[in-house]
Amino acid sequence: MSKDIRKSTVKGRASARRKSGAAVAGLHLLSDAEMRRIADRVFKFSDADETEVEIGMISDALTRFANNTIHQNVAEQSLAVSVRTVVDGRTARAATNKTDDDSLRRVVEISKSLARSQPRNPDLLPMPRQQKYTKVARYFENTAYATPADRARAVARVAEMAEKNKQTAAGIFSTGVTQSAIANTKGLFASHRQTRAEFSITILESDSSGWAKANSPDLKRIDPAALARSASEKSAASRKPGEAAPGRWTVILEPSAVLDLVGFLFYDFAGTAMWDQRSCFTKRMGKRIMGENITIHDDAYHPLQSGAPFDGEGIPRQKILLVDKGVPTNLVFSRATAKKMRARPTGHGSSLPNDMGEAPMNLVFGGGKSTVDEMVRSTDRGILVTRLWYIRDVDPYEKVLTGMTRDGTFSVQNGKVAGGLRNFRFNQGVLEMLSNVEMMGPAVRAAGEESFEMVVPPMKVRNFHFSEVTKF
């Protein structure tokens, strides 16, 4: 263990012992009653036709490490009050981070002034009345009140392992809590409280690297030591990387790699994207364009998902079957888009005003029963991919993406991992990829760098197109 890590850990433990009560007291969570009182004060100051208030509180803490040493610990807590007013068919929003009467009165007046300067919106609907919500349990005390010392102890163990293996560790360990509420003058009130923990690590050697990442509302579900071991093993296994020719390959994609590819589909399921003919499912709804083994839901209530059970307008989120055995079946709708397309709102709208419409934020893929090891054993010649990065659209309608592999790309020969490979650039259509899935593992909550978290399985895919080999 490096001296800096050891010193940071010891000081953190002493500080935690001295100030454990103060640390808990430092986090002030708002009760529903407090958030209602803020909203009621806003309503008192507003004579607009309709008024909506969004309240958000974020408390985040981050421990960052590099070269086997903690070099940064930061924490912030912020509160925002966002007010939307409707004046004569026009709407606008303004925000403040203060809750005194003068500030709330001022933000209402700014919102009204902005609304009056807007053109009338023919698609603007009356604000919704009170709704019924399904409860979700995504707040965990152990996560909300995690201390710098808690994070430092975990990082110290990781750094000690890396030094023992003559490797270099870098990454982040963060914990925090968010609260949100939405209320309007029609009587609607909805609130949500959620915690979040995230650990990400890259293990470096002179000519190789390994990576692992996980996040969860529950800190107990994050195992930094196990993630570090995985990244360490990948770095060691990919030393002295060889080179394979670009072309069409059988590829085994770990969940993070799957996530960052399929994540580019999420907005294509939006009613607005279909209305504007920007969705890759335009003129393809009801047709099989993926493999029969591909089923996708949007499910805010899945035990591995996170987020509020209501959307940006306060409408309850519904579980939606998006793809049924390879056939795109349903879209998601905000209230305005649903009215325009003669559909029912699904609780996927964004806060108004916006030009996005709606999007499914809780994608859940159906999985299989195969492990990654079984996929490797079933492959005579292929490539195992840990994760991808720098992904960009090439053809949005066909959903062709380009990007590169990173931090653990391996040759698979005769059912075994045969060593590390130099990274590849790929040019691959996501719809084509999802038509060529031969094996899948159980779906897990995956974390990547190019997309928000989803529940996806590892996949074995045939004919994956690697277009170039990189120099590293």
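Residues numbered from 1 in each chain as written. Predicted model: local features only at pLDDT ≥ 70, side-chain atom pairs only at ≥ 80, totals over all residues. Heavy atoms only, no water.

### Thoughts on the overall build of the protein
Summing up its helical and strand segments, the protein has eleven helices and 19 strands in all. In terms of overall size, the protein behaves like a compact globule, its C-alpha atoms giving a radius of gyration of 24 Å where 472 residues would be expected to give roughly 23 Å. Dimensions of the protein, computed from C-alpha atoms along their principal axes, come out at roughly 70 × 65 × 35 Å. In the protein, buried positions account for 54% of the 472 residues. A separation threshold of at least 6 residues defines the contact pool for the protein, and within that pool the share at least 24 residues apart is 73%. Element-wise, carbon and sulfur atoms account for 49% of the exposed surface of the protein, whose accessible area totals about 21,300 Å². (Helix = DSSP H or I, 4+ residues; strand = E, 2+ residues; numbered from the N terminus. Rg over C-alpha atoms; globule rule 2.2 N^0.38 Å. Buried < 20%, exposed > 50% of the residue type's maximum accessible area, 1.4 Å probe, protein only. Contact = heavy atoms within 4.5 Å. Areas by Shrake-Rupley, 256 points an atom, 1.4 Å probe, with all protein chains shown as cover.)

### Describing the nonpolar core
One finds Leu253, Phe281, Ile294, Met433, Leu434, Met459 and Phe466 to be the most contacted residues of the largest nonpolar core, which totals 49 residues. When residues of this core are assigned to their parent elements, the largest contribution, five residues, is made by helix α7 (residues 255–262). Excluding anything up to four places from it in sequence, Met433 contacts Leu253, Leu261, Val262, Gln428, Met459, Val461 and Phe464. If you look at the next biggest cluster of nonpolar residues, it comprises 22 residues, including Ala152, Ile203, Ala214 and Ala228. (Core = buried A, V, L, I, M, F, W, Y, C linked by side-chain atoms within 4.5 Å.)

### Digging into the side chain of Thr195
Relative to the helices and strands, Thr195 resides in strand β5 (residues 189–204). From its side chain, Thr195 meets the backbone nitrogen of Phe140 in a polar contact 3.1 Å long. A polar side-chain atom of Thr195 sits 2.7 Å from the main-chain carbonyl oxygen of Pro217. Aside from chain neighbours lying at most four places away, what touches Thr195 is Arg138, Tyr139, Phe140, Thr143, Ala144, Gly176, Val177, Ser216 and Pro217. (Polar contact = N/O pair within 3.5 Å; in protein donor to acceptor, adjacent residues only side chain to side chain.)

### A look at the environment of Thr346
Position of Thr346 among the secondary structure elements: in the loop between α9 (335–340) and β11 (363–365). Given the relative accessible area of 5%, Thr346 is considered buried. Placed 71 residues apart in sequence, Thr346 and Trp275 show a C-alpha to C-alpha distance of 16 Å. With residues near it in sequence (within four places) discarded, Thr346 still touches Pro316, Arg317, Gln318, Ile320, Leu331, Val332 and Phe333. One polar contact links the side chain of Thr346 to the main-chain amide nitrogen of Phe333, over a distance of 2.8 Å.

### Examining the pairing of strand β4 (residues 168–184)
Walk down a regular strand and you will see the side chains alternate between the two sheet faces. β4 sits mainly inside the fold: 13 of its 17 residues count as buried. Strand direction decides the pairing type here: β4 and β5, joined by 16 bridges, are antiparallel. Note on β5: the bridge partner recorded for Ile172 is Ser200. Counting the residues in the hairpin turn of β4 and β5 gives four residues, including Gly187, whose phi is positive at 105 degrees. (Pairing = 2+ DSSP bridges.)

### Focus: helix α2 (residues 32–45)
Between the first and last C-alpha of α2 there are 20 Å, a value that for 14 residues agrees with the 20 Å anticipated at 1.5 Å per step. What α2 keeps buried is the set Met35, Ile38, Ala39, Val42, Phe43 and Phe45. The buried residues of α2 occupy one face: seen down the axis, they fall within an arc of 165 degrees. Residues Arg37 and Lys44 are exposed on α2 and point more than 90 degrees away from its buried face. Contacts made by the buried residues of α2 are with β1 (50–66), β2 (69–87), α3 (101–116), β4 and β5. (Expected span 1.5 Å × (residues − 1). Arc of directions from axis to C-beta.)

### Some remarks on the environment of Glu254
You can see Glu254 is positioned in the loop between β7 (247–253) and α7. For Glu254 and Gly441, which are 187 residues apart along the polypeptide, the C-alpha to C-alpha distance reads 9.4 Å. Setting aside chain neighbours within four positions, we find Glu254 in contact with Lys234, Leu384, Val385, Thr386 and Pro458. In this structure the side chain of Glu254 is engaged in a polar contact, spanning 2.9 Å, whose partner is the side chain of Lys234.

### Things to note about unusual backbone geometry
With an omega of -5 degrees, the peptide bond running from Leu352 to Pro353 counts as cis. By the secondary structure assignment, Pro353 is in the loop between α9 and β11. Despite not being glycine, Arg342 has its phi angle at roughly 55 degrees, a positive value. Given a relative accessible area of 82%, Arg342 falls into the exposed group. Look at Lys399: it is not a glycine, yet its phi comes out positive at around 60 degrees.

### Structural notes on the sheet that holds β1
Sheet architecture is open: six strands sit in the order β3-β2-β1-β4-β5-β6, paired in antiparallel fashion. Looking at which strands have only one partner, the edges of the open sheet turn out to be β3 (90–96) and β6 (209–216). Mean inter-strand twist for the sheet, computed between neighbouring axes without regard to direction, equals 15 degrees. The pairing of β1 with β2 spans 17 bridges and is classified as antiparallel. Along β2, the bridge assignment pairs Val53 with Val83. Across the sheet, α3 lies against β2 and β3, angled at about 150 degrees from β3, the strand it touches most. (Axes fitted to C-alpha atoms, helices over the stretch in contact; angles between N-to-C directions.)

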